[in-house]
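Letter by letter, the chains look like this.
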Amino acid sequence: MEKHKDGKLVRREKITALAFVSPLIIGFVVFTLICMIVSFAWSFTNFNPISGRMKFDGLERYVELFTHPTYKKAFLDSIVNTLFLLLSTPLCIVISVLIASLMNSKKFKGKTFFRVVIYLPAVTSVVAVNYIWRYMFEENYGLINAFFHANIPWLTDNTLIKVAMIIKNVWGGIGTQVILFMAGMQNISDEYYEAAELDGAGAAYKFFHITLPLVTPVLFYTIITGLIGGFQLYADVELFAGGQYGSRTIVHFIRNYGVGQNLYGLASAASFLLAAVIMLITALQFKFSKWVQYTD
Amino acid sequence: MKHMTKIFGVALSLVLGATMLAGCGGTGGSANVDPFVNDYDPNKEYNIEFLGWGDAKEQAIYQRIINDFMAEYPNIHVTYDASSAGEYLTKLTGEINDLPDVFYLPDTEFLQWVDGGHLLNLLGENGEGADLEALSNVWDNAVNEYYYNPETYTLGKSEGAGLFALPKDQGPFTLAYNIDLVNEQIEKNDLQNDEEVTALFSGEPVTWEVFRSAMKKLLVGAGENVYGIPYYELEHAVYSNNATFFDETVTTSTLTSTAMVDAVQFIGDLCTDGITPKDGLAGNGDGADNAFYQERALMTFVGPWDFATIWEMDGFNVDILPVPYGPGPDREYGTEDDGKSTAFIGSMGYCVAAKTKERGTSGAALMLAEYLCFDESAQRKFYSFGQCVPNLKDMAYNEYIPDSLGIMADEGHTAPASRHIFIDIVDGFKDENDKIGGKTRILYYTYLTSWRTNLEDTINQSGLYTGEKTAQEVLEAFEPSFQASLDEMNEYWKG
Amino acid sequence: MEQTIKKTNQVLSAVVLGAMYAVMIVLAFTMIFPYIYMVLTTFKPMQETVQAGMHLFPVHWTAEAYAEVWELVPFGRGILNTMTVEIPVILVGTFTSALGAFAFAKMRLPCSRALLLTLMSSMMVPFAALFLPQYQIWSSLNLTNNLLPLILPGLFGNISMVFFFIQFMGGIPNALLEAAKIDGCGYFKSFVHIMLPLLWPAMAAQGVFWFLGIWNDYFAPSIYLTREDVMTLQPLINRLNATQGGRDFPLVMTGAFLSSIPLIAVYLIFQKYFMSALSITSGIK
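Residues numbered from 1 in each chain as written. Chains lettered and ligands numbered in written order. Predicted model: local features only at pLDDT ≥ 70, side-chain atom pairs only at ≥ 80, totals over all residues.

A word on the overall build of chain B. Each helix and strand counted, chain B has 21 helices and 13 strands in total. Over its C-alpha atoms chain B spans a radius of gyration of 24 Å, differing by no more than 12% from the 23 Å that the globule rule assigns to 495 residues. Taking the principal axes of the C-alpha coordinates as reference, chain B spans close to 70 × 70 × 40 Å. Burial analysis of chain B (495 residues in total) assigns 52% to the buried set. Taking all contacts inside chain B whose residues are at least 6 apart in sequence as the whole, residues at least 24 apart take part in 74%. (Helix = DSSP H or I, 4+ residues; strand = E, 2+ residues; numbered from the N terminus. Rg over C-alpha atoms; globule rule 2.2 N^0.38 Å. Buried ≥ 20, exposed ≤ 12 C-beta atoms within 10 Å, placed from the backbone. Contact = placed C-beta atoms within 7 Å.)

Next up on the list: the overall build of chain A. Of the regular secondary structure elements, chain A holds 14 helices and zero strands. Mapped in sequence order, the helices and strands of chain A form the string α-α-α-α-α-α-α-α-α-α-α-α-α-α. For 296 residues, the compact-globule estimate of 2.2 N^0.38 gives 19 Å, and the C-alpha radius of gyration of chain A, at 24 Å, exceeds that figure by more than 25%. C-alpha atoms of chain A, sized along the principal axes, occupy 80 × 70 × 30 Å. The proportion of buried residues among the 296 residues of chain A is 49%.

The next point concerns helix α7 (residues 148-155) of chain C. Structurally, the α-helix is built with 3.6 residues per turn, so residues lying three or four positions apart point the same way. Residues and elements named next belong to chain C. Burial in α7 covers these residues: Pro-149, Leu-150, Pro-153 and Gly-154. Along α7, the residues classed as buried sweep out an arc of 125° about the axis, all on the same side. Remark: Gly-157 follows α7 within two positions and exhibits a positive phi of approximately 100°. (Arc of directions from axis to C-beta.)

Residues and elements named next belong to chain B. As assigned here, chain B comprises domain 1 (14-171 + 347-419) and domain 2 (174-343 + 443-494). One C-alpha centre belongs to domain 1, the other to domain 2, and the line joining them spans 31 Å. Counting from both sides, the interface comprises 19 residues of domain 1 and, opposite them, 17 residues of domain 2. Residue contributions to the side of domain 1 that touches domain 2 peak at four residues, all from helix α4 (residues 110-115). A breakdown of the residues in the side of domain 1 that touches domain 2 according to their chemical character gives nine nonpolar, seven polar and three charged. (Domains from an automatic or database assignment. Nonpolar A, V, L, I, M, F, W, Y, C, P; charged D, E, K, R; others polar.)

Mean pLDDT over chain B: 88, with 92% of residues reaching 70 or higher. Per the prediction output, this complex has pTM 0.89; the corresponding ipTM is 0.85. (pLDDT = per-residue confidence, 0-100.)

The next thing to look at is the sheet that holds strand β5 (residues 154-155) of chain B. Paired through their backbone hydrogen bonds, the strands of a sheet run either parallel or antiparallel. Residue and element names in this part refer to chain B. In space, the three strands of this open sheet follow the order β5-β4-β6, with antiparallel pairing throughout. Both edges of this open sheet fall to β5 and β6 (162-163), since each of them pairs with a single strand only. Bridge count between strand β4 (residues 147-149) and β6: two bridges; the pairing is antiparallel. When the sheet's bridge partners are listed, Tyr-148 is paired in β6 with Gly-162. (Pairing = 2+ DSSP bridges.)

Next up, the structure:
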């Protein structure tokens, strides 16, 4: 009897929960899922919307990405570039955590000012940010080379262009992350620190044993969204790197070789391969998310 | 296993069905050469849409010209929309099932679009279609580009071909030089009476050898970061050496033919000579332009549209030159197969959507396309705006070259002094003695475009510029991939 | 003895603090520098930006670009259109996101992990692959050159926001909600009365991020909107630079700068707001 009642309550809770997430599900199905299915179906065809041709080709497009003489090298190189550029995600997180904990220390005055300043890049339009940085990295007259009295070919060398992009992206990314981490840190009760201080703990101990564990939810969020975003880097390639060979990412490949050529079969195949990899990585992170600590 | 395939098949057909229902199947038509039927009735009201691209200033010019058109035909109301150049084709692809009545199409995309049956044949019977007489005053090459015969897969004017667009402009792309910087170098190195240098700036085409030698002399003492030219256009080298990328039917690669190899080697030699930078500013967007504007290059490639920028730069004096030519397949000058100074020309077409037939707006749409393509007052406004050379032969020769109406002088600027070279290029090769001409950019001839990017990337990354590899080696290594691209394109096109 | 230790400690912490400020000032300068550069560029004649190399300050100061932007771009209209998208999306979308996150974080939701990952997959498929079917759906409904394609999807929530809220709610003790359950509060009521107030800082922060995202969104609006009267700010500004030949940097930078002023204003206002919101939260604990 008791058990039955409980079951009913649980069921009611489950139904209510479903009702609460239903707007998300409806939005997802209507605006994304249908298009995803359509696009997924295209990846098994040679669909070209302009010529109007569509022939079922099985896994041909997926195979082509790795074997076709025209696409293979471009595709594989774009994977290497994307992975290299992903370095900006951990870099950005490490720097942001450090800055946030600096700014969160009680002795530090002028939080508001620094917070506003640090966030400026995030408020500026992507186009402007990319143009300005392109300007600053310019080989002959750029301010960065002028500052170091060097002649470093940032924008034309296949590796340096990636380094420049990482620098720019860390610059552009820390504003948001510092704010997120500061919000997380301000939620940590002072009692923890006071207790640790009584035990004679130093700053490093407090950082690694109190601050860091307690911001793990924010850390988890920034890692996941950082990786998802990092895998999909595109605007920088066009606006900042001007399509330079060493800067081309997977999404650039999709836009350039797929959509740009109306080869929607190929574009879709590459997109879903990419999505599958991101999904796998995200799922694994969720699976091994025990390190994320919540209060309670 | 059998079950699995079956289930998979059913699922797939369901999804494909959904695809069709979602309206994503495309029209799947094929080019149609039915004669144009004029459905225009002067007593009826028309609403037509025109989609283009351009920045705010260019859009303002277009809006003015369209207003003139509407004033002339008050019963035709034109809605003019424009997106940015970068997003234009993406947007147009999205509208594939419901295209605007009139729209731009770059000639590099023409083959796919005409093959997909989206463009209306503008040739009619009994004078119903495009005004061929007026078109005979438009550059021949520009008009011929948009003929296509779907039966024989032939581009260009031929028996049974339809006309699927009217040219917007012919944007010739040729060499420009910084007058003051060049003069400075001439004086510095005492080259006033140098035969090769004088020939280079005479306005007559010179050979590759003269070009290289004159540039080397000019660059002496120019400074560490100053180059002759930031990069060299592949097509200009290939076309001007009488070379080809593929055979006439676009089926077999000719990348390793002597003329082609020599053309690419010429670009490599410019680099090893120090005339172009080794890091290959090619394909690096504004890098090349910046080098020129920052006076780090004596020359660069420009189109008429670049002069809108140059005019705004006080004291920056630029004139244009024809491109140099190579010895041709036999590697000897003075023979019959010598290359001729050939620039690539590329245009955009004003297309009328096939859908206008159903909408009953074909006639009105064609009238707008014709107005934009060859109406005299419209053409005058376009060239005075400084973005292009006139489409009309007589206007180009009688008005644009001498600036007889003083329009460009009034605007406070003038097209380059040697602007007749632009005209010489778009007017093609008239006879055997004509030394300067133009040829449509190579992507016009192929169904897909990635091979060109690939070829350029391969050359840029190959070590050709540092002299580690020869053009022969680079092209031989690339040829199998190129042939595969050609096969793929033909499968798409004719398969 | 104890005195000297205290003193050295004080000196030490003063040094640390000094170093901290030094780091922060260098950092702040790095962050602000490109912005200063942008603003200075707006006062340069075009020639200086393509030709003379990289002077930080204009050689000849001019406000020409401002006059030109004003003439070419209907700024007021653009802001109005952008706000027409922003307001309903942020208000409704943040609420639906929070409600959904509540179910994920604090209720027994069947297959919640799988469901969350499925919803998150919409972040993982590149937009390039989805754009064509999406465009054709809107186009078949005759809704291009209309703000609805930009508004409607947002009303159903934002999955990255949901994910953040779930993480944030994880830090809110269940005990608070258990108490409400005993009171017989319905789930919706406990969401509104207990969770929402606690969620304010997160909502403010994420709301600001989303606001910025919509404000700076370029790709989708520039494809859906081609008519000046319906354009949002970014495609409007991009019209200053829409051709490949266009290289009027001062003009582009002026557009970008002017369009970012309202953003900075919004951020400054909310900055104060969620600072105080944050302190309220810590007060509860």
